[in-house]
Amino acid sequence: MIKYWEFEDAPLKEKLKNPSIHEVAAIYFDNPTKAYRFAKALVEVKRKKNLRLKDCGDELPQATWKRYLDFGVNVGILKHEDNMYSFTDRYTKPLKNIGIYIKAWIEAEGEEDPDVLFASARHGRQVKRGGKVESSGNNDGHIQN
């Protein structure tokens, strides 16, 4: 999740003084393990310029390397051509366009119905799947249907 306030003008100027892979990975992952794995993959590509999957180290399983390198491709940081991963810049313009699109939606007239737009989504509250047992007068510990 991109935390926009960390990349507004003043904080960005400070961050640009000492850019870190930690900040890049934290944009995409709140989980420190996932962020570490993604950072490891990006650092490997940065070090080797063009990275083949078979050239990845033994620190992580091949499937993990592939998952995070492919994630980099999906978000537009990496490209995968000729069985090699390398950096690209496919995300700058689309991120700007997302902001433009959101602003246009906010300013647009008309009503939209999420129930219709997401017809196949589950609507309403979820059925309780666990936790405290609700008592309905009896103390046998079972939920009455």
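Rules of the game
- Residues numbered from 1 in each chain as written.
- Predicted model: local features only at pLDDT ≥ 70, side-chain atom pairs only at ≥ 80, totals over all residues.
- Heavy atoms only, no water.
- Helix = DSSP H or I, 4+ residues; strand = E, 2+ residues; numbered from the N terminus.
- Buried < 20%, exposed > 50% of the residue type's maximum accessible area, 1.4 Å probe, protein only.
- Contact = heavy atoms within 4.5 Å.
- Areas by Shrake-Rupley, 256 points an atom, 1.4 Å probe, with all protein chains shown as cover.
- Axes fitted to C-alpha atoms, helices over the stretch in contact; angles between N-to-C directions.
- Parallel < 35°, antiparallel > 145°, perpendicular 65-115°, else oblique.
- Nonpolar A, V, L, I, M, F, W, Y, C, P; charged D, E, K, R; others polar.
- Salt bridge = Lys/Arg side-chain N within 4 Å of Asp/Glu carboxyl O.
- Phe/Tyr/Trp six-rings, centres within 6.5 Å; stacked < 30°, edge-to-face > 60°.

What to know about the overall build of the protein
- Counting secondary structure elements, the protein contains 6 helices and 2 strands.
- A buried classification covers 17% of the 145 residues belonging to the protein.
- For the protein, long-range pairs separated by at least 24 residues make up 38% of all intrachain contacts whose partners lie at least 6 apart in sequence.
- Carbon and sulfur atoms make up 55% of the accessible area of the protein, which totals about 12000 Å².

Focus on the packing of helix 3 (residues 32-48) against helix 4 (residues 62-74)
- It is at 9 Å that the axes of helix 3 and helix 4 come closest, and there the two elements cross at 80°. If you check the angle between helix 3 and helix 4, you find them roughly perpendicular. Judged by residue contacts, Lys-34, Arg-37, Phe-38, Lys-40, Ala-41, Glu-44 and Val-45 of helix 3 engage Thr-64, Trp-65, Arg-67, Tyr-68, Leu-69, Phe-71 and Gly-72 from helix 4.
- When its residues are assigned to classes, the contact of helix 3 with helix 4 shows 7 nonpolar, 2 polar and 5 charged.

Here's the deal with the pattern of salt bridges
- Overall, the coordinates contain 6 salt bridges when judged by the stated rule.
- Its salt-bridge partner being Glu-14, residue Lys-17 comes within 2.9 Å of it at the nearest N-O pair. The same class applies to Lys-17 and to Glu-14, which are both exposed.
- Glu-23 serves as the salt-bridge partner of Lys-15, at 2.6 Å between the closest nitrogen and oxygen.
- Its relative accessible area of 29% is what places Glu-23 among the partly exposed residues.

Describing the packing of aromatic side chains
- Per the counting criterion, the structure on display carries 6 aromatic pairs.
- On the numbers, 5.6 Å between centres and 65° between planes, the contact of Phe-29 with Phe-38 is edge-to-face.
- Residue classification places Phe-29 among the buried residues on the basis of a relative accessible area of 14%.
- Look at Phe-38 and you get buried, because its relative accessible area is 0%.
- Their ring planes at 65° and their centres at 5.8 Å tell us that Phe-29 and Tyr-68 sit as a pair that is edge-to-face. Placement of Phe-29 in the loop between helix 2 (21-28) and helix 3 and of Tyr-68 in helix 4 is noted, with a sequence separation of 39 residues between them. Pair check on accessibility: Phe-29 and Tyr-68 agree, each one buried.
- Three or more aromatic residues joined by ring pairs form one cluster here, namely Tyr-28, Phe-29, Phe-38, Tyr-68 and Phe-71.

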